[in-house]
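Summary of the model geometry
One-letter residues, chain by chain:
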Amino acid sequence: MTRSVWKGPFVDGYLIKKAAAANGNRNHAIKTWSRRSTILPTFVGLTFQVHNGNKFIPVHVSEEMVGHKLGEFAPTRTFKAHSASDKKAAAK
Amino acid sequence: MVAQLICVGVITGAHGIKGEVKVKSFTSVPKAFATYGSLVAGDGRSFEIKHVRPQKDEFLCVLNNIGDRNAAEALRGTELFVLREKLPPLNEGEIYLSDVQGKLAVAEGKTLGSIIGFQNFGAGELMELEGGMLVPVSFIASVAEVVMLELPDSYLDDAKPDSGSEI
């Protein structure tokens, strides 16, 4: 058994408590900075607000997101497409 | 009434020497862009898709009147639209995102701003409001002249840029 499997998924303890408290009340968004926490099956149906370093990104958890980290759904960088003039400049 | 056009794809380049074009689809079911009949470009040109086949995350299409690579390359960057009325009817509780874009979003009696676009980071569609606030599409309660949102408790306070000290 690999070490990562033996240790189990990592979730910040306080997040589990908040999710358990919110389970009865779906009309609640859990605000968190814990991007490192794994999404557990018990989180399905909950809405988190995950901090991306600037603002909170809403993340509504669905079944296929279980096992991923919360941070995967709150990107920290904005991609700005290259303009046509940039392409010309690069070609020269 | 001005016909409303919905962008369903964009021509990203040419493929081969026989005039095939590569199309990136924006529809939720990717292949659906080819099922609405003839597609219209922004300048009014109409394209009939004669044949379509998938290639990686794009589609290779044979268009009418496009018979060689030069003509196909000239179409690079052309956005393809369909008329709004050609889209299939919706079931109860469904909306087209294009129908709510530009409308005002209202929640808890407050006007939050108009909907300027949509984002998807892998956790469902998010509406981007004026000022940069993001709200899941699933929070829409009703759509009329304005879009009524049903937000979770204290959502509006939490959605503001970083100001808290909670961990």
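Above: the structure in question.
The text that follows walks through the structure, step by step, so that each part is easy to find. (Residues numbered from 1 in each chain as written. Chains lettered and ligands numbered in written order. Predicted model: local features only at pLDDT ≥ 70, side-chain atom pairs only at ≥ 80, totals over all residues. Heavy atoms only, no water.)

1. Side note on the pattern of salt bridges
Evaluation of the coordinates by the stated rule reveals five salt bridges over all chains. Here A:Asp12 makes a salt bridge to A:Arg36, at a shortest N to O gap of 2.9 Å. With A:Asp12 in the loop between helix H1 (3-7) and helix H2 (13-22) and A:Arg36 in the loop between strand E1 (29-32) and strand E2 (47-51), this residue pair connects regions lying 24 residues apart in the sequence. The class for A:Asp12 is buried, based on a relative accessible area of 11%. Here B:Arg53 ties to B:Glu20 by a salt bridge, and the two come within 3.1 Å at their closest N and O atoms. Placement of the pair is B:Arg53 in strand E5 (residues 49-55) and B:Glu20 in strand E2 (residues 20-25), with a sequence separation of 33 residues. Looking at B:Arg53, the relative accessible area reads 34%, which means it is partly exposed. With a relative accessible area of 14%, B:Glu20 lands in the buried category. (Salt bridge = Lys/Arg side-chain N within 4 Å of Asp/Glu carboxyl O. Helix = DSSP H or I, 4+ residues; strand = E, 2+ residues; numbered from the N terminus. Buried < 20%, exposed > 50% of the residue type's maximum accessible area, 1.4 Å probe, protein only.)

2. What to know about the pairing of strand E10 (residues 125-129) of chain B
Residues and elements named next belong to chain B. Both strand E9 (residues 110-120) and E10 contribute to a ladder of five bridges, which runs antiparallel. Each residue of the ladder has a partner; that of Phe-118, found in E10, is Met-127. Taking the residues between adjacent antiparallel strands as the criterion, E9 and E10 are bridged by four residues, where Gly-122 takes a positive phi near 105°. In terms of strand pairing, E10 meets strand E11 (residues 134-136) through three bridges, oriented antiparallel. If you follow Met-127 over to E11, its bridge partner there is Val-135. (Pairing = 2+ DSSP bridges.)

3. Quick look at the pairing of E5(B)
All names here are of chain B. In terms of strand pairing, E5 meets strand E6 (residues 58-63) through six bridges, oriented antiparallel. Note that in E6 the partner of Ile-49 across the bridge is Leu-63. Hairpin connection of E5 to E6: two residues between the antiparallel strands, including Lys-56 at a positive phi of 55°.

4. Some details on H2(A)
All names here are of chain A. For H2, the set of buried residues is Leu-15, Ala-19 and Ala-22. What you see down the axis of H2 is that its buried residues fit within an arc of 65°, all on one side. Residues Lys-17, Ala-20 and Ala-21 are exposed on H2 and point more than 90 degrees away from its buried face. (Arc of directions from axis to C-beta.)

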